[in-house]
Amino acid sequence: MAHEDDARQAVPNTPGMRPDGDGVTRRRPLRERHHVQETVEVEVAVPVRTAYNQWTQFKTFPRFSTLVHGVEQVRPTVTTWTIGYGPLRHRFMVEIVEQDPDAYLAWRALEQKPSHQGEVEFRATESGGTAITVRLLLDPRGAAGILTRSSRGARLTARLVHGELMKFKRFIEGLGQEGGAWRGTIRNGRVQHDHPEPPRSRVAQWPVG
């Protein structure tokens with residue numbers, strides 16, 4: 001568990017950097033100077049593929065989370081989340097901006113004044129399990145500032161994230177296998193297709209060629 005005031009401080013092989021397919025290590029998309037970073041890691045006793053596949057099933061989050069009350073799929077890369085504690089509820093949209101199967105997922109809140117961005121990383125452990133690292137970039141100028149204006153608030157945020165990860169750990173370990181999967185790749189908020197789509201005719205419903 002770590003707390004850093006400068007989210008730009010990152011080194012290779014940490015949640016701040018990731019190697020691309022060409023072997024070049026590049027910075028991830030979540031790089032905002034004014035954000036406060038909270039990083040939490042847990043290990044789950046299932047393979048990386050199983051942990052990642054289950055994580056992509058966002059609609060199942062309310063089954064184990066005490067904070068997430070509902071998730072709706074709006075578009076392939078956009079979901080609407082309802083979170084809250086007790087009688088309080090907050091509803092907002094989230095966009096997946098980057099996603100690599102079995103490795104990495106990054107998102108940002110689509111609010112007028114976004115309160116956070118986040119990313120989750122999956123790494124195989126020597127025991128055959130999975131290390132899951134969640135990193136949140138909280139905006140102290142927005143609603144998240146209530147939690148990040150003091151070290152006590154920052155620790156509270158980290159404890160909440162850790163608690164949710166532990167619930168996911170018990171959930172997936174109890175299942176033993178994923179209940180579904182989405183294996184697509186996303187770049188800059190767009191789903192990448194293995195084969196380019198054929199050209200479309202400018203005349204509606206007319207075949208091309």
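Note: the structure precedes this text.
Residues numbered from 1 in each chain as written. Predicted model: local features only at pLDDT ≥ 70, side-chain atom pairs only at ≥ 80, totals over all residues. Heavy atoms only, no water.

**Description of the overall build of the protein**
Argument step 1. The helix and strand tally for the protein stands at 3 helices and 12 strands.
Argument step 2. Within the protein, residue pairs in contact and separated by at least 24 positions form 56% of the contacts whose partners lie at least 6 positions apart. (Helix = DSSP H or I, 4+ residues; strand = E, 2+ residues; numbered from the N terminus. Contact = heavy atoms within 4.5 Å.)

**Focus on helix H1 (residues 48-55)**
Argument step 1. Among the 8 residues of H1, 7 are classified as buried, and the element is accordingly described as predominantly covered.
Argument step 2. Within H1 the residues assigned to the buried category are Val 48, Thr 50, Ala 51, Tyr 52, Asn 53, Gln 54 and Trp 55. (Buried < 20%, exposed > 50% of the residue type's maximum accessible area, 1.4 Å probe, protein only.)

**Concerning the side chain of Asn 53**
Argument step 1. Here Asn 53 lies in helix H1.
Argument step 2. A residue is classified by how much of its surface remains accessible, and Asn 53, at 2% relative accessible area, is buried.
Argument step 3. Polar side-chain contacts of Asn 53 include one of 2.8 Å to the side chain of Arg 183.
Argument step 4. Beyond its immediate chain neighbours, meaning those up to four positions away, Asn 53 contacts Glu 178, Gly 180, Ala 181 and Arg 183. (Polar contact = N/O pair within 3.5 Å; in protein donor to acceptor, adjacent residues only side chain to side chain.)

**Digging into the nonpolar core**
Argument step 1. Residues Trp 55 and Ile 132 are the most contacted members of the largest nonpolar core, which totals 33 residues.
Argument step 2. Contributing elements (two or more residues each) for this core: strand E4 (36-44), H1, strand E5 (68-75), strand E7 (90-100), strand E8 (104-109), strand E9 (116-124), strand E10 (130-138) and helix H3 (151-175).
Argument step 3. Per element, the largest residue contribution to this core is 6 residues, and it comes from H3.
Argument step 4. In this structure Trp 55 touches Phe 61, Val 120, Phe 122, Ile 132, Val 134, Leu 165 and Phe 168, once residues within four positions along its chain are discounted. (Core = buried A, V, L, I, M, F, W, Y, C linked by side-chain atoms within 4.5 Å.)

**Examining the environment of Pro 76**
Argument step 1. Along the polypeptide, Pro 76 turns up in the loop between E5 and strand E6 (78-83).
Argument step 2. Residue Pro 76 is classed as exposed on the basis of its relative accessible area of 62%.
Argument step 3. Along the backbone, Pro 76 and Gly 189 are 113 residues apart, and their C-alpha atoms lie at a distance of 9.4 Å.

**A short note on the pairing of E9**
Argument step 1. Judged by how many residues are buried, E9 sits mostly within the fold: 7 of 9 residues are covered.
Argument step 2. Both E8 and E9 contribute to a ladder of 5 bridges, which runs antiparallel. Across the sheet, the residue bridging to Leu 105 is Val 120, located in E9. (Pairing = 2+ DSSP bridges.)

**Digging into a nonpolar patch on the surface**
Argument step 1. A cluster of nonpolar side chains, contributed by Val 74, Met 93 and Leu 110, occupies part of the molecular surface with about 200 Å² of accessible area.
Argument step 2. The exposure class of Met 93 is partly exposed, given its relative accessible area of 30%. (Patch = residues over 30% accessible without salt bridge, like charges linked within 9 Å, V, L, I, M, F, W, Y side chains within 5 Å. Areas by Shrake-Rupley, 256 points an atom, 1.4 Å probe, with all protein chains shown as cover. Salt bridge = Lys/Arg side-chain N within 4 Å of Asp/Glu carboxyl O.)

**Focus: the pairing of E10**
Argument step 1. With 9 of its 9 residues buried, E10 lies for the most part within the structure.
Argument step 2. In E10, alternate side chains face the same way, and those of Thr 130, Ile 132, Val 134, Leu 136 and Leu 138 on one face and Ala 131, Thr 133, Arg 135 and Leu 137 on the other are all buried.
Argument step 3. Counted along the chain from E9 to the antiparallel partner E10, the turn is 5 residues long, and its residue Gly 128 has a positive phi close to 95°.

**Considerations on unusual backbone geometry**
Argument step 1. The backbone phi angle of Asp 102 is positive, close to 65°, even though this residue is not glycine.
Argument step 2. Take Asp 102: it is sitting in the loop between E7 and E8.
Argument step 3. Positive phi, close to 50°, is recorded for Asn 188, a residue that is not glycine.
Argument step 4. Within the secondary structure layout, Asn 188 lies in the loop between strand E11 (185-187) and strand E12 (190-192).

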